[in-house]
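# Residue-level structural notes
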Amino acid sequence: MAKKELDWANIGFGYVKTDKRFVSTFKDGAWDEGALIDDDMISMSECACVLQYAQTCFEGLKAYTTADGKTVCFRPDLNAERMKNTAMRLEMPVYPEDKFIEAVEKVVKANKDWVPPYGSGATLYLRPFMFGINPVIGVKPADEYQFRIFCTPVGPYFKGGAKPITITVSDFDRAAPRGTGNIKAGLNYAMSLHPIMEAHRNGFAENMYLDPATRTKVEETGGANFLFVTKDGTVVTPKSDSILPSITRRSLMIVAEKVLGMKVEEREVFFDEVKDFAECGLCGTAAVISPVGKIVYKDGEINFPSGMDEMGPTIKKLYDTLTGIQMGTVEGPEGWVKVID
Ligand SMILES: *Cc1c(COP(=O)(O)O)cnc(C)c1O
C-alpha cells in the first residue's frame, strides 16, 4: 500500500469515496460487532424513521499526520461522549464510547493511504453518524439503527493564510431554550440551510445567532462557537444551554488558561458589548479558528480593531498553539492527541 497520489493542497471540501467504512447495526436491543465494508451505498425502507422524522445525528473529527510521522486524532473521546449525549436526547441507543473510539481507529487504519502527509495542510475528515432505519409511520423512535463512520480527505481550510471574514446577525433563530441546540443533530442543520443561503446571497460568510428568548445575547453560528478577546487580553466565550459544546472551543479555552496563562471567561455575552471586543473568531474542527473582521447588523456594523487583513494577535497565538499541540510540535495536556499508528 502507498499514499494516494492526490494534490493534497487543492483537494477542497467535497466528498471523496475512500476504501473502507465502518458499520454496526442495532437490532433486538443490541449493537452487533460491526465491520469494515467497501460499499458506500445504504438501502432502506421508504418509511425509515430517518427519512420521515429526521432521527439522525453525527460527529466530526480529523485524522492527520504529525511532524514525527505518526497518524493521530484529536480528543476522539470527547466526540464519543458528545454523541452519547446527542443519542440520549433523540431517544436513540448509545453507541458505547470505547467502541466508538475503536471504530475511529479501525477506519483510520483501513484508510491509512488517505491520511494526508504532514505539512500538506490537508486532513482526513471522519464522519461518525447514526440513524433510525426501520419503517416508522406513527411518530415514535425507530427500533433499528445503523452507526457508521466514513472518512474523506479534505484540503487545507485556509489557502494562503487565514483572511478575516464578514458575518451578519441572522433574523432567524438557531435553537430554542431547552431545545436541541446543544446536541449534534441533523435537524439543527436542516433549519439553518435557509438562513445561511440568505446570508451568502447578501454577501456574508456566516450568521451570528442570538438567543431566541430575548435576542440580546450571542449564541453561535450555524456550525462554530464564538471566541472574543477583550482589549485587555481576556478570552471570552458565550455561555448558554443551547450552544453546541465545541471540542475546539473547549480546548482553546484550556490552552488560553493553562498553556498561555491568559484570563478566560465563559459567561453570557450581550450583543451590545460585542463592539467593545478587540478580536473575534469562530471555533470548530474544520478551521480551528476563523477570524471575524466585521459584523454587519440591522442598525450598523462592528469593525474589530484586528481588521480585515489578518488574524488578531491573541487569536493567532491561540491558533498557533492549538495547531502546534495537534501536530506534535507543542506540548499539550496529556491524552489530547491519540496515536493510531
Ligand atoms: C460541530 C459544531 C461546532 C464545532 O464543534 P467542534 O467539536 O469544535 O468541531 C460548533 N457549533 C455547532 C452548531 C456544531 O454543530
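Nothing here was measured: the structure is a model prediction, and the numbers come from that model.

### Structural notes on the overall build of the protein chain
- The helix and strand tally for the protein chain stands at eight helices and 17 strands.
- A globule of 341 residues ought to have a C-alpha radius of gyration of about 20 Å, and the protein chain, at 20 Å, matches this closely.
- Here the protein chain holds 341 residues, and 50% of them are scored as buried.
- Carbon together with sulfur atoms contributes 52% to the accessible area of the protein chain, which is approximately 15600 Å² in total.
- Averaged over its 40 positive side-chain charges, the protein chain has a centre that lies 1 Å from the centre of its 47 negative ones.

### Concerning the packing of aromatic side chains
- Counted by the stated rule, this structure contains 16 aromatic pairs.
- Ring centres of Phe100 and Phe147 lie 5.8 Å apart, and the angle between their planes is 50 degrees; this geometry places the pair in the tilted category. Residue Phe100 is located in helix H3 (residues 97-110), and its partner Phe147 is located in strand E8 (residues 145-154); the two are separated by 47 residues in the primary sequence. As far as burial versus exposure is concerned, Phe100 and Phe147 are alike and both buried.
- For the pair Phe129 and Phe131, a centre-to-centre distance of 5.8 Å together with 20 degrees between the ring planes defines the contact as stacked.
- On the accessibility criterion, Phe129 (17% relative accessible area) is buried.
- Ring pairing ties together the aromatic residues Phe22, Phe26, Trp31, Tyr95, Phe100, Tyr145 and Phe147, which thus form one cluster.

### Observations regarding the nonpolar core
- In terms of nonpolar packing, the biggest core is built from 34 residues, with Phe100, Val104, Val108, Leu126, Met130, Phe147 and Ile149 touching the most fellow members.
- Those elements that provide at least two residues to this core are strand E1 (21-27), strand E5 (61-65), helix H2 (76-89), H3, strand E7 (123-132) and E8.
- Among the elements that line this core, the one with the most residues is H3, at six residues.
- When residues no more than four places from it in sequence are discounted, the contact partners of Met130 are Trp31, Gln55, Thr56, Cys57, Met83, Ala87, Met92, Pro93, Tyr95, Gln146 and Phe147.

### Quick look at the pattern of salt bridges
- Counted by the stated rule, this structure contains 20 salt bridges.
- For Asp38, the salt bridge identified is with Lys20, shortest N-O distance 2.7 Å. Residue Asp38 is found in the loop between strand E3 (35-37) and helix H1 (49-53), and its partner Lys20 is found in the segment before E1; the two are separated by 18 residues along the sequence.
- For Asp38, a relative accessible area of 45% puts it in the partly exposed group.
- Two residues, Glu220 and Arg174, come together in a salt bridge whose shortest N-O distance is 2.8 Å.

### Some words on the site of the ligand
- Lining the immediate environment of the ligand, one finds 15 residues, of which Lys184, Tyr189, Ser246, Thr248 and Thr285 sit closest.
- Within the side chain of Arg82, an N or O atom sits 2.8 Å from an oxygen atom of the ligand.
- Taking Ile247, its main chain carries an N or O atom lying 2.9 Å from an oxygen atom of the ligand.
- Protein contacts shield 96% of the accessible area of the ligand, which totals 390 Å² for the unbound molecule.
- Split into classes, the residues belonging to the shell around the ligand amount to four nonpolar, seven polar and four charged.

### Considerations on the pairing of strand E12 (residues 235-238)
- Burial along E12 is two-sided: the residues Val235 and Thr237 and Val236 and Pro238 are all buried.
- As defined by bridge partners, strand E11 (residues 225-229) adjoins E12 across two bridges and the pair is classed as antiparallel. Along E12, the bridge assignment pairs Phe228 with Val236.
- Count of turn residues in the E11/E12 antiparallel hairpin: five residues, of which Gly233 carries a positive phi of about 85 degrees.
- Note: E12 against strand E13 (residues 264-267), four bridges, orientation parallel. When the sheet's bridge partners are listed, Thr237 is paired in E13 with Glu266.
- Crossover E12 to E13 through helix H6 (residues 247-259) is right-handed.

### Observations concerning a nonpolar patch on the surface
- A cluster of nonpolar side chains, Ile42, Met44 and Leu51, forms an exposed patch at the surface whose accessible area comes to about 240 Å².
- Tracing the backbone shows Ile42 in the loop between E3 and H1.
- Judged by relative accessible area, Ile42 falls into the partly exposed class, the value being 33%.

### Digging into the domain arrangement of the protein chain
- Taken domain by domain, the protein chain consists of domain 1 (8-154) and domain 2 (165-327).
- The C-alpha centroid of domain 2 is placed 26 Å from the C-alpha centroid of domain 1.
- Contacts between the two partners involve 22 residues from domain 1, matched on the other side by 21 residues from domain 2.
- Both faces combined, the contact of domain 1 with domain 2 buries some 1800 Å², and carbon together with sulfur accounts for 65% of it.
- The largest per-residue losses of area from domain 1 upon contact with domain 2 belong to Phe58, Phe74 and Arg82, which jointly make up 33% of the total buried on that side.
- The interface formed by domain 1 and domain 2 includes zero salt bridges.
- Remark: the boundary between domain 1 and domain 2 carries 10 residue pairs in polar contact (both at pLDDT 80 or more).
- Element by element, the count of residues in the side of domain 1 that touches domain 2 is highest for H2, at six residues.
- Broken down by class, the residue content of the side of domain 1 that touches domain 2 amounts to 10 nonpolar, seven polar and five charged.

Conventions adopted
- Residues numbered from 1 in each chain as written.
- Predicted model: local features only at pLDDT ≥ 70, side-chain atom pairs only at ≥ 80, totals over all residues.
- Heavy atoms only, no water.
- Helix = DSSP H or I, 4+ residues; strand = E, 2+ residues; numbered from the N terminus.
- Rg over C-alpha atoms; globule rule 2.2 N^0.38 Å.
- Buried < 20%, exposed > 50% of the residue type's maximum accessible area, 1.4 Å probe, protein only.
- Areas by Shrake-Rupley, 256 points an atom, 1.4 Å probe, with all protein chains shown as cover.
- Lys, Arg positive; Asp, Glu negative; His and termini not counted.
- Charge placed at Lys NZ, Arg CZ, Asp CG, Glu CD.
- Phe/Tyr/Trp six-rings, centres within 6.5 Å; stacked < 30°, edge-to-face > 60°.
- Core = buried A, V, L, I, M, F, W, Y, C linked by side-chain atoms within 4.5 Å.
- Contact = heavy atoms within 4.5 Å.
- Salt bridge = Lys/Arg side-chain N within 4 Å of Asp/Glu carboxyl O.
- Near = heavy atom within 4 Å.
- Polar contact = N/O pair within 3.5 Å; in protein donor to acceptor, adjacent residues only side chain to side chain.
- Nonpolar A, V, L, I, M, F, W, Y, C, P; charged D, E, K, R; others polar.
- Pairing = 2+ DSSP bridges.
- Right-handed = clockwise from strand over helix to strand, strands pointing away.
- Patch = residues over 30% accessible without salt bridge, like charges linked within 9 Å, V, L, I, M, F, W, Y side chains within 5 Å.
- Domains from an automatic or database assignment.
- Buried area = accessible area lost by both parts, 1.4 Å probe.

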